[in-house]
Structure formats: structure tokens, C-alpha cells
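One letter stands for each residue in the lines below.
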Amino acid sequence: MVGVTITKHETATGGEYQAHLADSDATGQLTWQTRDGVHYADHTLVPSEIGNRGVAARLVEAMVADARENHFKIAPLCSYVVAAFRRHPEWEDVKA
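Since we're looking at a predicted model, the values are computed, not measured. Per-chain numbering applies: the sequence of each chain, read as written, is numbered from 1 onward. At least 70 in pLDDT is required for a residue's local features to be given in this predicted model, at least 80 for side-chain atom pairs to be given and counted, and no such filter applies to totals for whole chains, interfaces and linings, which use all residues. Processing note: side-chain calculations cover all non-hydrogen atoms of the structure and skip hydrogens and water entirely.

### Some thoughts on helix α1 (residues 55-70)
Owing to its 3.6 residues per turn, the α-helix brings residues three or four apart onto one side. With 16 residues, α1 extends 22 Å between its outermost C-alpha atoms, agreeing within 8% with the 22 Å of an ideal straight helix rising 1.5 Å per residue. Here the term buried applies to any residue with accessible area under 20% of the maximum for its type, exposed to any over 50%, and partly exposed to those in between, with areas from a 1.4 Å probe on protein chains only. Only DSSP runs of H or I with at least four residues qualify as helices, and only runs of E with at least two residues qualify as strands; both kinds are numbered from the N terminus onward. Residues V55, A56, L59, V60, A62, M63, V64, D66 and A67 constitute the buried set of α1. Contacts are residue-level and defined by heavy atoms, with any inter-residue pair within 4.5 Å sufficient. Where α1 is buried, its residues contact β1 (4-10), β2 (14-21), β3 (27-35), β4 (38-45), β5 (73-76) and α2 (79-87). Note on α1: the residue one or two positions beyond its end, H71, has a positive phi of about 60°. Any helix carries an expected span of 1.5 Å times its number of residues minus one.

What follows is the structure, encoded as C-alpha cells:
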């Protein structure tokens, strides 16, 4: 995969991780809402022009790494995030 840059954008009630690929203007997103210190991962969107390149997986990996570094839990709500947590039992430490 070409270079992927993941950025984090927060608001008072949640935020999103954005994936930017070096060879595209399209942006992948994973959004969350925050309640009681838990990030509820509620939506993952990867436009078709950057699909099938592991972008969604990179977004979830970024959220998991951020949760470990900043000591918060993740509640998977989005079907993609739910499936990713099933594939990665080693992420149980950050699952709400």
C-alpha cells in the first residue's frame, strides 16, 4: 500500500480518525462519540476509490493504539469495528 497518514480530529463529544493516502484525494474515516471515557466507534467509511487497500483496518489500528496510549476504552458499534475486534482478540484490553 502507498503511504497512509492517519490524523485524529476531536470535538467536545467525539471525533474521527481520517486516513489520507499519498496517491488519492479521497479520505477514509472512522468516527466515534465519547461518553464516560468510552469511545463508541460508530461509523467507518472508506470511499470506493481507496477501497480494498486496508484503509479501514489501519483506521481501527490507529484507534486501538490511541486507546492504549491515552487510556480509554473502545465500544465497537460499527459492523466493521465489531468484526475487527473479533479478528483481534489481543485488543480485548481496550474493549469496553
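### A few points about the pairing of β2
With seven of its eight residues buried, β2 lies for the most part within the structure. A strand pair is defined by DSSP finding two or more bridges across the two strands. In this structure, β1 lies alongside β2, joined through seven bridges in antiparallel fashion. Within β2, the residue paired with E10 across the bridge is G15. What sits between the antiparallel neighbours β1 and β2 is a turn of three residues. Across seven bridges, β2 lies against β3 in antiparallel orientation. If you follow H20 over to β3, its bridge partner there is T27. The turn joining β2 and β3, which pair antiparallel and follow one another in sequence, is formed by five residues.

### Brief notes about the nonpolar core
Y17, L30 and I74 are the most contacted members of the largest nonpolar core, which has 24 residues in total. Those elements giving two or more residues to this core turn out to be β2, β3, α1 and α2. When residues in this core are grouped by element, the largest group, seven residues, is from α1. When residues no more than four places from it in sequence are discounted, the contact partners of Y17 are I6, T7, K8, G28, Q29, L30, W32, L59, A62, M63, D66 and F72. What is meant by a nonpolar core is a set of buried Ala, Val, Leu, Ile, Met, Phe, Trp, Tyr and Cys residues, joined one to another through side-chain atoms within 4.5 Å.

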